Amino acid sequence: MKQQATRERPAAPPVTIKKAAAHFATITAHRHCVMRECFRLGLFRQGLVHDLSKYSPEEFLVGARYYTGTESPNNGERRVTGYSSSWLHHKGRNRHHYEYWIDYSTREIPGGFAPVKMPGRYVVEMFCDRIAASRIYNGAAYQDSDPLRYYHGGNTQQFLHPQTAAQLELLLNMLAEKGEEETFAYIRRHLHKKRRHGR
């Protein structure tokens, strides 16, 4: 009987001071970008605590080990280990990620998982997160259409509650078509209106 060839995974790269410093600079620049946007929208607490878990040993050491500056270090960890321990730690502690809101379902649905509707303030933080990520990775070439292009390039929609997907897509399309100033003004009007009505 022929033995099935096993595909060897690449070895994990070392952690270096240079990569750790670069990773720290990247996640801090991203966090400050999201913080500024959240502050503009009145989401002060969310801006202050955004992505703080990235500085924990469980996430930071992985980020430093697999840092390249061109993609998420989590992708590098996945190629080596088959999954990302850093991402599993992160998504369970940060409510602006839609993965935080996916639960098992008792209903007969494909896959057995059910997306839960995200509160509006976390949809807005997710929107800001996507803008900041596009700014950091695209640099001076960033355009307001980049977050929408990134959204369409993935399979995000199938994992979102329909109302969450509708809210996020509304903001991403508005950003691409009308720009940041008009989109942020729209969010401020509607977000504060919902707060006054207790929603």
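Values in this document were obtained by computation on a predicted structure and should not be read as measured data. (Residues numbered from 1 in each chain as written. Predicted model: local features only at pLDDT ≥ 70, side-chain atom pairs only at ≥ 80, totals over all residues. Heavy atoms only, no water.)

S.K.: Explain unusual backbone geometry here, please?
M.R.: Where the residue is not glycine, phi is negative for most of them; where a peptide bond is considered, it is trans in most cases. Unusually for a residue other than glycine, D51 sits at a positive phi of about 60 degrees. Among the residues examined, D51 registers a relative accessible area of 2% and is labelled buried. (Buried < 20%, exposed > 50% of the residue type's maximum accessible area, 1.4 Å probe, protein only.)

S.K.: What is the right way to read helix α6 (residues 120-138) from this model?
M.R.: One full turn of an α-helix is made of 3.6 residues, so residues set three or four places apart face in the same direction. A rise of 1.5 Å per residue sets the reference length of α6, with its 19 residues, at 27 Å; its end C-alpha atoms lie 27 Å apart and thus fit the reference within 8%. Of all the positions in α6, only Y122, V123, V124, E125, M126, F127, C128, D129, R130, I131, A132 and S134 are classed as buried. Downstream of α6 by one or two residues, G139 has phi in the positive range, about 60 degrees. (Helix = DSSP H or I, 4+ residues; strand = E, 2+ residues; numbered from the N terminus. Expected span 1.5 Å × (residues − 1).)

S.K.: How should I be thinking about the packing of aromatic side chains in this particular structure?
M.R.: Aromatic ring pairs are defined here through the distance separating the ring centres and the angle between the ring planes. The tally for this structure, following the rule as stated, stands at seven aromatic pairs. Ring plane angle 40 degrees and centroid distance 6.1 Å describe the contact between W101 and Y122, whose orientation is recorded as tilted. Note that W101 is positioned in the loop between α5 (85-91) and β1 (102-104) and Y122 in helix α6, a separation of 21 residues in sequence. We classify W101 as buried; its relative accessible area is 16%. For Y122, a relative accessible area of 9% puts it in the buried group. (Phe/Tyr/Trp six-rings, centres within 6.5 Å; stacked < 30°, edge-to-face > 60°.)

S.K.: Sorry, what's going on with empty space enclosed by the protein here?
M.R.: Unfilled space is identified by rolling a water-sized probe across the atoms. Inspection of the entire model under this criterion finds one cavity of 30 Å³ or more. Here the largest cavity is characterised by a volume of approximately 30 Å³. Together, Y98, W101, P115, V116, M118, F159, L160, H161 and T164 line the largest cavity. Residue composition of the lining of the largest cavity, grouped by class: seven nonpolar, two polar and no charged. (1 Å grid on protein atoms, 1.4 Å probe; cavity = no way out; pocket = protein on both sides within 12 Å on 5 of 7 lines; lining within 4 Å. Points joined across faces, edges and corners; volume = space filled by probe spheres on them. Nonpolar A, V, L, I, M, F, W, Y, C, P; charged D, E, K, R; others polar.)

S.K.: Would you mind showing me how to read the environment of L48 here?
M.R.: Tracing the chain through its elements places L48 in helix α2 (residues 44-49). What makes L48 partly exposed here is its relative accessible area of 48%. Along the backbone, L48 and E182 are 134 residues apart, and their C-alpha atoms lie at a distance of 24 Å. The contact partners of L48, leaving out residues within four places of it in the chain, are R31, M35 and F39. (Contact = heavy atoms within 4.5 Å.)

S.K.: Looking at this model, I keep getting lost on the pattern of salt bridges. Mind explaining?
M.R.: Two side chains bearing opposite charge may form a pair once their charged atoms approach each other closely. With the rule as written, the count across this model stands at eight salt bridges. For the salt bridge of E181 with R40, the shortest nitrogen-to-oxygen distance reads 3.3 Å. Residue E181 is located in helix α9 (residues 180-196), and its partner R40 is located in helix α1 (residues 17-40); the two are separated by 141 residues in the primary sequence. By relative accessible area, which is 56% here, E181 ends up exposed. Classification of R40 by relative accessible area gives partly exposed; the value is 31%. Among the salt bridges present, the one from E180 reaches R135, with a minimum N-O distance of 2.7 Å. Linking E180 in helix α9 with R135 in helix α6, this pair joins segments that are 45 residues apart in sequence. Here E180 falls in the buried class, since its relative accessible area comes to 14%. Through salt bridges that share partners, E37, R40, R135, E180 and E181 make up one connected network. (Salt bridge = Lys/Arg side-chain N within 4 Å of Asp/Glu carboxyl O.)

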